[in-house]
Amino acid sequence: MEISEVRVKLVANKDDRLKAFCSVTMDNEFVVRDIKIIEGVGGFFVAMPSRKMSDHCEKCGGKNHLRAKFCNNCGAPLPENRAKKDIKGRMKLHADIAHPINSECRRKIQEKVTAAFKKEMEESKQPGYKPVEMDEPDDEIPEVIS
Ligand SMILES: [Zn+2]
């Protein structure tokens, strides 16, 4: 698999750890959107598109985010810390929608996306810079930062 194009939309808020949204095209045939670039302790981190996980209220069956303290539907109190834990004991609140299955592919995506992000940052300093047109997905930072 070759990454044929990376599009980067920088996020304006300078204080936020979320720095950009990206879309990545593979082999000129398949596009993955909603990849996020997040500033972590050890540099920039590329987060795969993810969705919030939810569960169902025991009383009414209503659907709730795992951090909700009360059911959206019936108002019943929901147990705390009901999210599954990852190997480091952190609550697993998000699930990847698309992700590499080996470290070689992860490295390739990380490198290409980070390079495109740095290039976009440089270009954004030039007069007449036009940001790419891209829908912005939710701006929640998934808790996968290491
Ligand atoms: Zn309920």
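What comes next concerns the included structure. (Residues numbered from 1 in each chain as written. Predicted model: local features only at pLDDT ≥ 70, side-chain atom pairs only at ≥ 80, totals over all residues. Heavy atoms only, no water.)

**Regarding unusual backbone geometry**
Consideration 1: The phi torsion at Asp 27 lies on the positive side, around 50°, for a residue other than glycine.
Consideration 2: Mapped onto the elements, Asp 27 comes out in the loop between β2 (18-26) and β3 (30-40).
Consideration 3: Although it is not a glycine, Asn 28 adopts a positive phi angle of roughly 55°.
Consideration 4: Structurally, the position occupied by Asn 28 is in the loop between β2 and β3. (Helix = DSSP H or I, 4+ residues; strand = E, 2+ residues; numbered from the N terminus.)

**Describing the pattern of salt bridges**
Consideration 1: Scanning all chains against the criterion turns up six salt bridges.
Consideration 2: Here Asp 55 and Arg 82 are joined by a salt bridge, their closest N and O atoms 2.8 Å apart. Taken together, the residues Asp 55 in strand β6 (residues 54-56) and Arg 82 in the loop between β7 (63-65) and β8 (94-96) connect sequence positions 27 residues apart.
Consideration 3: Note that Glu 123 and Lys 119 form a salt bridge whose closest N and O atoms lie 3.3 Å from each other. Pair noted here: Glu 123 and Lys 119 are both in helix α1 (residues 103-123), with a separation of four residues, about one helical turn.
Consideration 4: Residue class for Lys 119 comes out exposed when judged on its relative accessible area of 54%.
Consideration 5: Taken together, the shared-partner salt bridges connect Glu 104, Arg 107 and Glu 111 into one network. (Salt bridge = Lys/Arg side-chain N within 4 Å of Asp/Glu carboxyl O. Buried < 20%, exposed > 50% of the residue type's maximum accessible area, 1.4 Å probe, protein only.)

**A few points about the coordination of the zinc ion**
Consideration 1: Around the zinc ion, the donor atoms from the protein are Cys 57 (SG), Cys 60 (SG), Cys 71 (SG) and Cys 74 (SG), and they sit 2.3 to 2.4 Å away.
Consideration 2: Here the zinc ion is ringed by four donor atoms whose angles at the metal span 103 to 112°, and the overall shape comes out tetrahedral.
Consideration 3: One chain supplies every donor for the zinc ion, spaced along it as C-x2-C-x10-C-x2-C. Linking Cys 57 in the loop between β6 and β7 with Cys 74 in the loop between β7 and β8, this pair joins segments that are 17 residues apart in sequence. (Donors = N, O, S within 2.8 Å, 3.2 Å for Na, K, Ca; no water. Tetrahedral: all angles 85-135°; square planar, octahedral: opposite > 155°, others 65-115°.)

**Some remarks on the packing of aromatic side chains**
Consideration 1: For the structure shown, the criterion picks out one aromatic pair.
Consideration 2: Ring centres of Phe 44 and Phe 117 lie 4.9 Å apart, and the angle between their planes is 75°; this geometry places the pair in the edge-to-face category. Remark: Phe 117 occurs in helix α1 and Phe 44 occurs in strand β4 (residues 43-47); sequence separation between them is 73 residues.
Consideration 3: We classify Phe 44 as partly exposed; its relative accessible area is 26%. (Phe/Tyr/Trp six-rings, centres within 6.5 Å; stacked < 30°, edge-to-face > 60°.)

**Here's the deal with the sheet that holds β3**
Consideration 1: Across the sheet, four strands lie side by side as β1-β2-β3-β4; this open sheet has antiparallel pairing. Each having just a single partner strand, β1 (3-10) and β4 make up the two edges of the open sheet. On average, adjacent strands in this sheet sit at an angle of 30° to one another, irrespective of strand direction.
Consideration 2: Across seven bridges, the pairing between β2 and β3 is antiparallel. Within the sheet, the bridge partner assigned to Ala 20 lies in β3 and is Ile 37.
Consideration 3: The sheet contacts of α1 involve β1, β2, β3 and β4, and relative to β1 the element is tilted by about 45°. (Pairing = 2+ DSSP bridges. Axes fitted to C-alpha atoms, helices over the stretch in contact; angles between N-to-C directions. Contact = heavy atoms within 4.5 Å.)

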